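Here is how the chains run, residue by residue.
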Amino acid sequence: MKTVLKNGNVFYQNKIQKLDVEIDGETISRIGKELDGDNVIDCTDLLVTPGFVDLHVHLREPGFEHKGTIKTETLSAKYGGYTHIVAMANTNPCMDDKETIEDFIQRVKKDSSIHTYTYSAITKDLKGQELVNFKENNAFDIVQGFSDDGKGVQSKEMMEKAMKEAKANKSIIVAHCEDEGELEKGACINLGRVSKENGLVGINNASEYNHALRDLQLSKEIGNRYHICHISTKETVAGLREYRKQGLPVSGEACPHHLILTDENIKNLNPNYKMNPPLRSKEDLDALIEGLKDGTVTCISTDHAPHSDEEKLKPIDQAPFGIIGNQHAFSLVYTYLVKKNLLDLETVLKCMTINPSQVIGLDHDMAVGKKANIAIIDLNEEYTITRDNIYSKAKNTPFLDTKCFGLVKYHILDGKIEKL
Ligand SMILES: [Zn+2]
């Protein structure tokens, strides 16, 4: 059966255009004007975009199911318009060997509502001591790269070895940059006025950019693909800009919270404003937006990190780092950046669809012959984020009670259309 998405504002070839999209079975069969089909969905005034791609989520399964599961966290991603996500390896057991990856494949088959991939860890148990078997782990289609996210790889020698392995296996290093040498015990929010006035231990910018700059130089020497997770500092943006100018295969992502909030927005020291890297200064936020505009930072990822209420009820210096984000990422960015003329919609869509696909080599786009993985979004519909309408198992977000525009109305996965 053929279905036509009729008269939508279609994000096609980097532009939003009034077009019809025909889906035949699992595939996009035609894109054009005045198409007819057996089944027509009226998309007048709706945005029709390739499904979003999230290069950075923590599904918490296996091992931390009290925080979230593959079932709950992919469901929340679906409601956020995502069709493809890549999970981080900091599970328990750690996603560092063949057996754990094989087990994950079975879990995903059973419970995932979207295309779900994973990174392999870089080092065994994220301990930074011993490399995983890159060749063996990379042989799985579900493995999209290598990351010790949650922890930085402290040793330069270890990172160098990892990059060489990534290159030999035609894969990518996805780096959580955090120099523990810069961290003081109990550090929980950005180092600045807010940390000082509240007697909290601050996290400086160098804890991120030390390793980002170290790795950019290393990857230039080695020639491997390298991607920086959740960039939060102006220095990391500046470094990435310099290396990208040299045409190197390096990239980076920004998260919605780092683009919308600063440490000055932290209310009542609520732990839902605590994530790693932390909310930074206005200067850092501005540099990130500039980086997205000039093509230095090419991806918007969520770092979706569910935690239970009990964990997040602890004081800010004791609660775990991380917030949820995949259900509302697009709405928040659309409402607080696009509608405020800080970024244009096309840039945001590129950074959430085509660009992250390119980073990991996913064959995903709005184009004839591609699998129909599409989100249809009403940009005019306003809603409020509340505990009741969050699909994640966790509710840890600083955006509770925040109003947003941009509700996902249909989710299409390999041609299977679901009205949400
Ligand atoms: Zn991280």
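From a predicted model like this one, the values you see are computed outputs, not experimental measurements.

About the cut-offs
- Residues numbered from 1 in each chain as written.
- Predicted model: local features only at pLDDT ≥ 70, side-chain atom pairs only at ≥ 80, totals over all residues.
- Heavy atoms only, no water.
- UniProt positions renumbered as here; feature names shortened; annotations may be inferred.
- Helix = DSSP H or I, 4+ residues; strand = E, 2+ residues; numbered from the N terminus.
- Core = buried A, V, L, I, M, F, W, Y, C linked by side-chain atoms within 4.5 Å.
- Buried < 20%, exposed > 50% of the residue type's maximum accessible area, 1.4 Å probe, protein only.
- Domains from an automatic or database assignment.
- Phe/Tyr/Trp six-rings, centres within 6.5 Å; stacked < 30°, edge-to-face > 60°.
- Donors = N, O, S within 2.8 Å, 3.2 Å for Na, K, Ca; no water.
- Salt bridge = Lys/Arg side-chain N within 4 Å of Asp/Glu carboxyl O.
- Contact = heavy atoms within 4.5 Å.

Undergrad: Sorry, what's going on with the UniProt feature "domain: Dihydroorotase catalytic" (unreviewed entry) in the chain here?
TA: Feature annotation in UniProt assigns "domain: Dihydroorotase catalytic" (unreviewed entry) to the following positions: residues 47-235. Secondary structure across residues 47-235 divides into 35% helix and 20% strand, with the first and last C-alpha atoms of the span separated by 35 Å.

Undergrad: How should I be thinking about the nonpolar core in this particular structure?
TA: Membership of the largest hydrophobic core comes to 92 residues, with the highest contact counts inside it found for F134, I173, Y226, L259 and F330. Viewed by domain, this core spans two of them, domain 1 (2-47 + 371-385 + 402-419) and domain 2 (51-360), each represented by three or more residues. By size, the runner-up hydrophobic cluster in this structure holds 18 residues, among which are L19, I28, I41 and I374.

Undergrad: Please explain the packing of aromatic side chains as it appears in this structure.
TA: Aromatic ring pairs are described here by two measures, namely the spacing of the ring centres and the angle between the planes. For the coordinates displayed, the defined rule picks out five aromatic pairs. Where Y79 meets Y391, the ring centres are 3.8 Å apart and the plane angle is 15°; that geometry is what we call stacked. One end of the pair, Y79, is in helix α1 (residues 70-79); the other, Y391, is in the loop between β16 (374-384) and β17 (403-413), with 312 residues separating them in the sequence. When the ring of F134 is compared with that of F146, the centres are 4.0 Å apart and the planes differ by 15°; the resulting orientation is stacked. Here F146 lies in strand β9 (residues 143-146) and F134 lies in helix α3 (residues 134-138), a separation of 12 residues in the sequence.

Undergrad: Could you clarify how one ought to interpret the coordination of the zinc ion in this entry?
TA: Coordination angles at a metal have ideal targets, namely 109.5 degrees for four tetrahedral donors and 90 or 180 degrees for six octahedral donors. Donor atoms from the polypeptide that bind the zinc ion are D149 (OD), H176 (ND1) and H230 (NE2), placed at 2.0 to 2.2 Å. Of note, the zinc ion draws all its donor residues from one chain, in the sequence arrangement D-x26-H-x53-H. One end of the pair, D149, is in the loop between β9 and α4 (156-168); the other, H176, is in the loop between β10 (172-175) and β11 (189-190), with 27 residues separating them in the sequence. Judged by relative accessible area, H176 falls into the buried class, the value being 7%.

Undergrad: Sorry, what's going on with the pattern of salt bridges here?
TA: Pairing between side chains becomes possible if they bear opposite charge and their charged atoms approach one another. Taken as a whole and assessed by the stated rule, the structure comprises 23 salt bridges. The residue K409 makes a salt bridge to E381 at a minimum N-O spacing of 2.8 Å. Pair noted here: K409 is in strand β17 and E381 is in strand β16, with a separation of 28 residues, a long-range link. Residue class for K409 comes out partly exposed when judged on its relative accessible area of 23%.

Undergrad: Is there a simple way to explain the environment of K78 in this structure?
TA: Positionally, K78 belongs in helix α1. For the pair K78 and S331, spaced 253 residues apart in sequence, the C-alpha to C-alpha distance is 13 Å. Ignoring anything within four residues of it in the chain, the contact list for K78 reads S113, I114, V408, H411, E418 and L420.

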